[in-house]
Amino acid sequence: MGILELFLIAVGLSMDAFAVSVCKGLAMKRCTWDKAAIVGLYFGGFQALMPLAGYLLGVQFKREITAVDHWIAFILLALIGGNMIREALKQEDEEEADECLDVRTMLGLAVATSIDALAVGVTFAFLKVDIVPAVSFIGVITFTLSVSGVKIGNVFGTKYQSGAELAGGIILVAIGLKILLEHLGLL
């Protein structure tokens, strides 16, 4: 997997965290760099840890499912991306985020926004990705986008939240399709 594909996966995975960060920023009366960094550390940390956990699980079952790994990667990325697209297009009001940055709240949000990264980590095991640089890259990208999201949310509000999530979903579906087509020899 090349650096461009890894970058696109990192950005795609970061979109949920970015969207929540925008909401956090919107709810903050006074947004400081410290508050933005706290949000970024939670989201970036979990976006790095979850694919690592998925990778370790995937390595355990690698021999049993190597013959269908490309289908697994495609299905997982398509489901994750499709869900992100569906959420972005939903017309319902999202639950309002508050300024609360306590451990319980932030852990819940970090886990919820990084579940898709666990599934991506499983696909990394089948694609023979060098996991430490990959998860580090994902964590840094998510941290950066989350800090930016808090600041943007504080300035502009939730105007771009659904667009970011939609873009992330489309990116993940496209990468899943690329993996499948490459394995089938169509690309």
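Up top is the structure these notes are about.
Residues numbered from 1 in each chain as written. Predicted model: local features only at pLDDT ≥ 70, side-chain atom pairs only at ≥ 80, totals over all residues. Heavy atoms only, no water.

Q: What am I meant to see in the overall build of the chain here?
A: Summing up its helical and strand segments, the chain has 7 helices and 0 strands in all. Secondary structure elements in the chain, listed N-terminal to C-terminal, are α-α-α-α-α-α-α. Relative to its full complement of 187 residues, the chain shows a buried share of 45%. Sequence separation of at least 24 residues holds for 94% of the intrachain contacts in the chain that already meet a minimum separation of 6. (Helix = DSSP H or I, 4+ residues; strand = E, 2+ residues; numbered from the N terminus. Buried < 20%, exposed > 50% of the residue type's maximum accessible area, 1.4 Å probe, protein only. Contact = heavy atoms within 4.5 Å.)

Q: I keep staring at the environment of F156 and nothing clicks. Help me out?
A: Take F156: it is sitting in helix α6 (residues 131-156). Between the alpha carbons of F156 and L26 there is a distance of 7.6 Å; along the sequence they are 130 residues apart.

Q: Can you walk me through the packing of aromatic side chains in this structure?
A: Aromatic ring pairs are defined here through the distance separating the ring centres and the angle between the ring planes. For the structure on display, the rule yields 1 aromatic pair. Between F7 and F137, the ring centres sit 6.3 Å apart and the planes meet at 55 degrees, which makes this aromatic pair tilted. Taken together, the residues span a long stretch of sequence, with F7 in helix α1 (residues 3-27) and F137 in helix α6 at a distance of 130 residues. The exposure class of F7 is partly exposed, given its relative accessible area of 35%. The ring centre of W33 lies 4.3 Å from the NZ or CZ of K151, which sits over that ring. (Phe/Tyr/Trp six-rings, centres within 6.5 Å; stacked < 30°, edge-to-face > 60°. Lys NZ or Arg CZ within 6 Å of the ring centre and 35° of its normal.)

Q: Could you clarify how one ought to interpret the packing of α1 against helix α2 (residues 33-60) in this entry?
A: When two helices pack together, their arrangement is given by the angle between the helix axes and the distance between those axes. One can describe the packing of α1 onto α2 by two numbers: an axis separation of 11 Å at closest approach and a directional angle of 160 degrees. It follows that α1 is roughly antiparallel to α2 by the angle criterion. Handedness of the α1/α2 crossing: right-handed. Residue-level inspection shows L13, A17, V20 and S21 of α1 in contact with α2, the latter providing V39, F43 and Q47. Classifying every residue of the contact of α1 with α2 gives 5 nonpolar, 2 polar and no charged. (Axes fitted to C-alpha atoms, helices over the stretch in contact; angles between N-to-C directions. Parallel < 35°, antiparallel > 145°, perpendicular 65-115°, else oblique. Left-handed = near helix turned anticlockwise from the far one by under 90°. Nonpolar A, V, L, I, M, F, W, Y, C, P; charged D, E, K, R; others polar.)

Q: Before we go on, may I ask you to explain a nonpolar patch on the surface in this structure?
A: On the surface, a cluster of nonpolar side chains totalling about 520 Å² of accessible area is made up of W71, I75, L79, L184 and L186. Its location among the elements puts L186 in the segment after α7 (161-183). (Patch = residues over 30% accessible without salt bridge, like charges linked within 9 Å, V, L, I, M, F, W, Y side chains within 5 Å. Areas by Shrake-Rupley, 256 points an atom, 1.4 Å probe, with all protein chains shown as cover. Salt bridge = Lys/Arg side-chain N within 4 Å of Asp/Glu carboxyl O.)

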